[in-house]
Amino acid sequence: MFKRMLVLLLALAVALPLVPATAQEDLAGEITFVTFMGEWVTPFETAAADYMALHPGVTITVSTVPYDGLQDFYRTNLVGGTAPEIMHAEPWWNNFASLELIKQMDDVFAAPNPYNEDDTPWGDAFVQPFLDFTRDPGGHINVVPWSLYGVGMFYNKTFFDNNGITAPTNWDEFMTTCKAIKDAGALPMYVALKPNDAQWFWPLGMLGNFAMRSEVEAVNLRTAEGWAFDVEDPTSTLGESITVDEAWVAFNKGIIDPLAAPEYRVIAEMMNEWAENCIDRQAALAADGSEVYQAFWTGQSKIFMNGTWFISTLVNEINNLPEEQQFEWNIFAYPSPTADNGEMFSMGVMNQNMNLRNGFIVPANLDPAKEAIAIDFLQFMTSTEEASKLFSLNRVDEETGAEYPWSYDPPAVVGVPMRPGTEALYPRIDNAEMGLFLTNGQGDTQGWDEFLNFFGQQYLGGMIDTDAVLEEWSFSLEGGLQRALETYEEDIDQQFLDENLP
Amino acid sequence: MATLSPTVHRKTLLRRIWDAKLVYVMLVPTFALLFVFAYYPFFNALYRSLFNWNGVNVEEFIGLENFSTLLSVQVVTIDPQIDAATGELLRDEDGNLVYESVRQFMRADRERYEGYQSMSSFMIGDHQIHLVAKDPVFLNSFVNMIIFVVTDVMKATLIPLLLANMLYHLWSERWRYIFRILLILPAVVPGVVGILLWRDFYAMPVGGREAGLVNQILGLIDPSLMHTWLGDVNTVVPAIIFTGFPWVNGANTLILLAGLLAIPGELYDAAKMDGARGWTIFWSLELPLLRGPLRLVLVFALIGAVQGYGHILIMTSGGPANASMVPGLWLYRNAFGFNKYGYASAIGVILFIILIAFTITSQRMLRSEVEFEA
């Protein structure tokens, strides 16, 4: 009898973990949900309350952490095994993925979301191609997307109108506009050549990937049978990503080597032209990224490259200015180069900087019961119905009683509407392209630091010339790719390397 | 004949410990915490410095390779290029000699120069001499550290010494008290506030924003003297050194003042009877007797200058172009930026060795046989 009981207990012990823990009515336990974005706290608390009403056995605590030092906070807790079950994060999450600290979402995205009515895979519920853009160099997805962003050029319309300046529509007009602003005695753009101001490195990716479109098929060699790149069809790159071994082959063939590829020289020279006309190089070397927002709304600079998240701050700050200092603002798209700037800019139009802004990550090796709750809650939050509700919530100004959106972020969930009035920044990809234009090794922080130094500070700061920056870039990129080859060793196809390396 | 000798009750070490057991028990928490939070991390860092360790899932023993990478330097000599057709030296449009770039030169001999980067260069005759290193940022940061050590030690000792002496010789006891309070008051303001203020002091007038205090003063003298002090590789280090001018360090001043107050008045009387006055009293009497407090102030300043990087992180992040990088900040960047925890540990070990060397040297230099208690 005792033996039978023992066998039964053992069998139960073995079988229990195999029972899917996603049966929603069985869920019970406590998890912590951490966000760094104050404007999203109320919507997330609403989601938690809605979920707990559906699942009385579950308790979700929503807490906030400051943005400063956020990566270190997450990393420390992930390493120490004390990380919250759901962490709101930005696209640096792949730094954690390379350390195997966060859960890969590929499997759960392949299954349906039980909170949606259709039976399509959960992964199909997110706006493409932005979901694919999150793939790590090994091709895995490690995040549940939440919001997108659109970046544009905010400009001081009052100043433009008073000085007869019109918003530029292409690169050459952009340079003319900057000169006109300088001639009027003002500073076109206040920029910090530091990692915490993206105004100098966002355009690099946009211009570079536009210029490199003709090389996509020559680089993306590890691809599905019969795949072809179609620049007119943005979806033609879905499921494709440039892996480390492909990048290494392309580098050694000179396709993405800044010393050998003509596109890199053209882009470097364009950015140098921008630095000459649109910014104050010396001030940009001394400035900090924390100063650039204020510089725009206080009128120090007349153009500011920023994203959808800036709108609510800008509205508030301009309203707080003395009436005589308030100004009207508007947004123009980042001016695209044309074929006049180089043959490489003849395939379609330049895509604007629009991408995934943030999402949720779950620690790897989490307790299965807690992981089940975390995944189920994220499925609930990103269901079309709940996400639509959360993205439409408003806050009420206590003084005026007026209602303002909690966030202007465009949703990353398919079928959730944008905020009225922000459609100009709705993330869209006009043409297909892939992230060929590498500033550093893929996901390589050391390479990025080097790039910041020689390109951002030395070159755009006016200390070195184009030849020198291309040489530095080439060597830095080579080193970064070599480090990436070691990091992603398991995903490397050695046979591919042997067959394709020159 | 038996000899009577006094019975000496010598207590054994264990017995003495047992007698003072309460004292030792009270000390245990302190030493336990010291061990956990100070000694364990240090010995762990020493151990980790021998690994390629990313802090999580990569941990490979590599011996002294981290140290070798940090300290490897080579000299590269590049001769001017020769025109293959004429056999003469190749010149560019401006008539200057043409040289192969150091990057290309090293790429041609990958085996020898694997991992090396250019650090600095100069000319000897027609030859270009390049110093190349595996981690030029660390070595340059080391040079900056030495500059900061020298200047920080001077700021931490000379000005407080001068102030302490002036205070000591103040006739009015009341005013001496008031000045002591005034000196220590700024210490209650968080240091980061002062650093942020100084960052603004160096600001240039841009887009309608007013110049910072430093540039405003310089602009009154001559507008051409205004400069982006923190944005220029040639001025960023002097600008950081100048930060906090006139470098009044209240705590150090009070330590030295306490040292002066501890000198017995009889010594002053004796010196005066021997004809000593002002400078002679300071040089021959006060300074030798201040060696103890000076040693303390000096060691704190040394430790601060070697390990400190917070003010540089806030003011320049080590830039522009790593011109104001210091080893502490480079350690931080390698650990928390690049996930190179093993490498960062090796930097920490080097800093520790330097600190020990500096401390021992300064202790020997300022060894005093006579000290008075305040």
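Residues numbered from 1 in each chain as written. Chains lettered and ligands numbered in written order. Predicted model: local features only at pLDDT ≥ 70, side-chain atom pairs only at ≥ 80, totals over all residues.

### Digging into the sheet that holds strand β4 (residues 117–124) of chain B
Residue and element names in this part refer to chain B. Spatial strand order, β3-β5-β4: three strands in an open sheet with antiparallel pairing. In this open sheet, the two edge strands, each paired with only one partner strand, are β3 (73–78) and β4. Sheet twist, expressed as the mean angle between neighbouring strand axes with direction ignored, is 25 degrees. With seven bridges joining them, β4 and strand β5 (residues 127–133) adopt antiparallel strand pairing. Counterpart to Ser 121 in the pairing with β5 is His 130. Packing of helix α6 (residues 136–168) onto the sheet brings it into contact with β3, β4 and β5, and relative to β4 it is tilted by some 65 degrees. (Pairing = 2+ DSSP bridges. Helix = DSSP H or I, 4+ residues; strand = E, 2+ residues; numbered from the N terminus. Axes fitted to C-alpha atoms, helices over the stretch in contact; angles between N-to-C directions. Contact = placed C-beta atoms within 7 Å.)

### A word on the confidence of the model for chain A
On average, residues of chain A score 88 in pLDDT, and 93% of them reach the 70 mark or higher. Of the regions scoring below 50 in pLDDT, residues 6–23 of chain A engages in six contacts with residues more than four places distant in sequence or in other chains. (pLDDT = per-residue confidence, 0-100.)

### Focus on helix α12 (residues 262–278) of chain A
All names here are of chain A. With 17 residues, α12 extends 24 Å from end C-alpha to end C-alpha; this agrees with the ideal 24 Å at 1.5 Å per step. The complete set of buried residues in α12 reads Glu 263, Tyr 264, Val 266, Ile 267, Ala 268, Met 270, Met 271, Trp 274, Ala 275 and Cys 278. Buried positions along α12 lie against α8 (171–183), β5 (187–189), α9 (202–211), α13 (281–286), α18 (445–459) and α19 (466–487). (Expected span 1.5 Å × (residues − 1). Buried ≥ 20, exposed ≤ 12 C-beta atoms within 10 Å, placed from the backbone.)

### Here we look at the interface of chain A and chain B
The partner chain B presents 25 residues to the 28 residues of chain A that form the contact. Secondary structure elements with two or more residues in the side of chain A that touches chain B: α3 (70–80), α13, α18 and α19 of chain A. Per-element tally for the side of chain A that touches chain B: the top contributor is α18 of chain A, with six residues. Of the residues contributing to the side of chain A that touches chain B, the split by class is twelve nonpolar, ten polar and six charged. (Nonpolar A, V, L, I, M, F, W, Y, C, P; charged D, E, K, R; others polar.)

### Some remarks on unusual backbone geometry
Between Phe 245 of chain B and the following residue, Pro 246 of chain B, the backbone shows a cis peptide bond with an omega angle of 10 degrees. The step from Gly 319 of chain B to Pro 320 of chain B runs through a cis peptide bond, and the omega angle for that step is -5 degrees. Assignment of secondary structure puts Pro 320 of chain B in the loop between α15 (310–315) and α16 (327–337). In this structure, Asn 365 of chain A takes a positive phi of about 55 degrees despite not being glycine. Positioned with a positive phi, Asn 339 of chain B is a non-glycine residue whose angle comes to about 60 degrees. For Asn 339 of chain B, the position within the fold is in the loop between α16 and α17 (341–365).

### Some thoughts on the environment of Ile 375 of chain A
Residue and element names in this part refer to chain A. Of note, Ile 375 is situated in helix α16 (residues 368–381). By C-beta crowding, Ile 375 is classed as buried, having 23 other C-beta atoms within 10 Å. Linking Ile 375 and Asn 319, residues 56 residues apart in sequence, is a C-alpha distance of 41 Å. Residues in contact with Ile 375, not counting those within four places in the same chain, are Val 108 and Val 362.

### A word on the domain arrangement of chain A
The figure often quoted for interface size is the accessible area lost as the parts come together. Residues and elements named next belong to chain A. The domains assigned to chain A are domain 1 (20–133 + 355–394) and domain 2 (151–352 + 430–500). At the junction of the two partners, domain 1 supplies six residues and domain 2 supplies nine residues. Of the residues that constitute the side of domain 1 that touches domain 2, the class distribution is one nonpolar, four polar and one charged. (Domains from an automatic or database assignment.)

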